[in-house]
Amino acid sequence: MKRITAIIMAWAMVISSLVGITDREAKAVETEFKYSVEITRDGNKVILQWNEKESADAYEVWRSCGAYSTFEKVSTVTTTEYAEEESDSVYKYYFRIVAKKNNQEIETSDVVSLDRKLWGDAVDIFSPDDDKDRINSRIKSISEKMMKASDAEWSDERYALLFKPGTYDIDKINVGFYTQVLGLGKTPYETTIPNVNVDSAANGNVLINFWRGIENIAVDTGSKTTEVKWGASQAAPIRRLYVNGKLHLDDIGMPASGGFVADTYVEGQAGSWSQQQFYLRNNHMSNGWYDGVWNIMFQGCTNAPESSEDWASTNYHGYTTIDNTERIKEKPFVYMDDGEYKVFVPGLRNNATDISWSRENMGQGRTIDIEDFYVAKADESTAEDINLALEAGKNVIFTPGIYRVDQTINVTKPNTVVLGLGLATIICDNSDTAIKVSDNDGVTISGLVIEAGANESESLLQIGESKNMTDHSDNPILLSDIFTRVGGARVGKVKSTVIINSNNVIGDHFWLWRADHGTGAGWTEATADHGLVVNGDGVSVYGLFVEHFQKYQTLWNGDNGKVYFYQCELPYDVPTQADWMSDKNGYAAYKVNDNVTNHEATALGVYEVFVHTNEYIKLENAIEVPKTAKITNACTVSLGNVNGEITHIVNDKGGTVGSGISQQGLKVGLNLYPPDPDADVKKLLRRAFPAGTIPVEVTLRREM
């Protein structure tokens, strides 16, 4: 260590000569380094090393069991090194060194731990040994900063709150913008908090409660009737939770617009009074579901309500229920096992029902040691660093923060996992695509906000270089919790935010968003043709939210595609009809090309919000598909003080919504396209005979 001190002093002198700093400033450089503490591990041994503090005759080693625990003195040494054998976990303890002279304190070092060395300062890690008042104080300071839209909607601050396994007797956690709550147990049962809460961000309005999340934790209120309020809209996923309470998905009935819950076990009821649309996948709802408005979809859920008998005319309780999820992988997550950090990558499930885990079982999948990850930190990791790690075969975790990239992040190896924590955000600083994934089996990209920069890019996320014939059905690429945005926080320009060229890709929760408000919002400022372009075959997307793009919101060119739940608002800000013309009035919100031979989409809502226009704007069809496609339960709704219309729902079928035509907030729907010619007869039969009692001799005949 003395040799290192000499080197640093030499460098201080060189710097002094080059930039003209004073001897006193050079001495400060030496002193700052001289008392820093380096922490490393050797197996189960934690090793602390520090440079000699001038005039010190002893050093006290103080240790705590967590970042917010009380420190206790564990040793006094006269050397500049301390080693501790730790049988529980090398990540358990936090340390600081106190330099002493004649038994008097000279200086105290900063706190160090292997936790902090691994994750950096952007991640808050809580231990059940921590002081609950200090945990409450830290979380409250974050919540107060990130809860109000006026303060935080466009903030560059990001937070991940990680809770080590154990029970926490703490206050209810208010989860604000860009905040993610994560349990570190193998199953949610291993980490328990009393409650979480998401209130309205502005004036009782949940419509802009975006960009937050909670995963892999037990929320145990002590009663299945106690409310767990998650009043959020898009990009606010709930995943892999155990909830002993009533999971309520709005704020006292105020407007709410879209959400996502997956792989979650709820002891009480789940539901919402005012959610306009919502998607729930593979959940266990012990006491069922209540309420909801135009378009609520349940897939693979236990105790889901039955599909609405006539969905098209159902303005409240508009339910679509499918018994299973055809092909799904759950999102990877960080956890602790025997004191070590690992990442669990859930496996592929076919025809999946209910949750993927149980009290004693993580579910099928594979585990990756944390040593096989490059843990990126926004204040120090460059795109070049990340690419070097990926090329060396590492997986990548993005810790919370803003990553401004000056080159494409290239994911080139099969089965690579790229995982964002705390709404980690990647911004294109030039015209490159932010992330490109080669056409390989089993890649996972999860938990990222990818944002357009001021220099127009072709895309933000691209899967596969071009359309090809490679079959990935046995080990598909997974894209989960992918959130893109163009404008809002800053000026942004891109052609298409997500392009999928590979086959058999699974998408699990997208919110692809061109800004309708915020910085850079406007027809010529936030420019983007498409949210999603799919060229690959056999692509399935579960929970697809796409909004405000300037041409086709979703453009589907691949065969055998499937979409389960679609939510789309049209652009608010079309200047004139002449600025927004395909081969007819406007661009469909959901467009499947005519040469596609097979396509299915279920539970689609397209909303007309022409509020910043210079003239009356028309969209001919909300949805355009070839006659070979099948569309089940599609609707349109006119929102706000609009200046335009959607003339038809699908391919010139379905009624019109718009200014002076339909009542605002009431949907116009289609149950099926192409229409079922026997629909009216079947409806009469259902009404005449209770479910399951239609006599076998009753058949349908149609004259040929």
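Residues numbered from 1 in each chain as written. Predicted model: local features only at pLDDT ≥ 70, side-chain atom pairs only at ≥ 80, totals over all residues. Heavy atoms only, no water.

(A) The arrangement of the pattern of salt bridges in detail. All chains considered together, the criterion is met by 37 salt bridges. The closest approach of N and O atoms between Asp 199 and Lys 229, which form a salt bridge, is 2.6 Å. Note that Asp 199 is positioned in the loop between β15 (196-198) and β16 (212-220) and Lys 229 in strand β17 (residues 227-230), a separation of 30 residues in sequence. The exposure class of Asp 199 is partly exposed, given its relative accessible area of 28%. Between Arg 240 and Asp 263 there is a salt bridge, with its nearest N and O atoms 3.9 Å apart. (Salt bridge = Lys/Arg side-chain N within 4 Å of Asp/Glu carboxyl O. Helix = DSSP H or I, 4+ residues; strand = E, 2+ residues; numbered from the N terminus. Buried < 20%, exposed > 50% of the residue type's maximum accessible area, 1.4 Å probe, protein only.)

(B) Expanded view of the sheet that holds strand β45 (residues 530-534). With mixed pairing, 10 strands are arranged side by side in an open sheet as β36-β39-β41-β43-β45-β47-β49-β51-β53-β54. Unpaired on one side and paired on the other, β36 (409-411) and β54 (657-658) mark the two borders of the sheet. With three bridges joining them, strand β39 (residues 435-437) and strand β41 (residues 457-463) adopt parallel strand pairing. In the sheet register, Val 437 faces β41, and the bridge partner there is Ile 463. (Pairing = 2+ DSSP bridges.)

(C) Spotlight on the sheet that holds strand β2 (residues 45-50). Taken in spatial order, the three strands make up an open sheet running β1-β2-β5, and their pairing is antiparallel. With partners counted over all chains shown, the strands left at the sheet margins are β1 (37-42) and β5 (81-85), one partner each. When strand polarity is set aside, the average angle formed by the axes of neighbouring strands in this sheet is 15°. Pairing of β1 with β2, which is carried by six bridges, proceeds in the antiparallel orientation. Bridge pairing in β2 places Asp 42 opposite Lys 45. (Axes fitted to C-alpha atoms, helices over the stretch in contact; angles between N-to-C directions.)

(D) Spatial organisation of helix α4 (residues 132-146). In a regular helix each residue adds 1.5 Å, so 15 residues correspond to 21 Å; α4 covers 21 Å between its end C-alpha atoms and thus fits that length. Among the residues of α4, those classed as buried are Ile 135, Asn 136, Ile 139, Ile 142, Ser 143 and Met 146. Buried residues of α4, seen end-on, are gathered within an arc of 135° and therefore sit on one face of the element. Facing away from the buried side of α4 by more than 90 degrees, the exposed set consists of Asp 133, Lys 140 and Glu 144. Structurally, the start of α4 carries an N-cap: the backbone nitrogen of Asp 133 is 3.0 Å from a side-chain oxygen of Asp 131. (Expected span 1.5 Å × (residues − 1). Arc of directions from axis to C-beta. Polar contact = N/O pair within 3.5 Å; in protein donor to acceptor, adjacent residues only side chain to side chain.)

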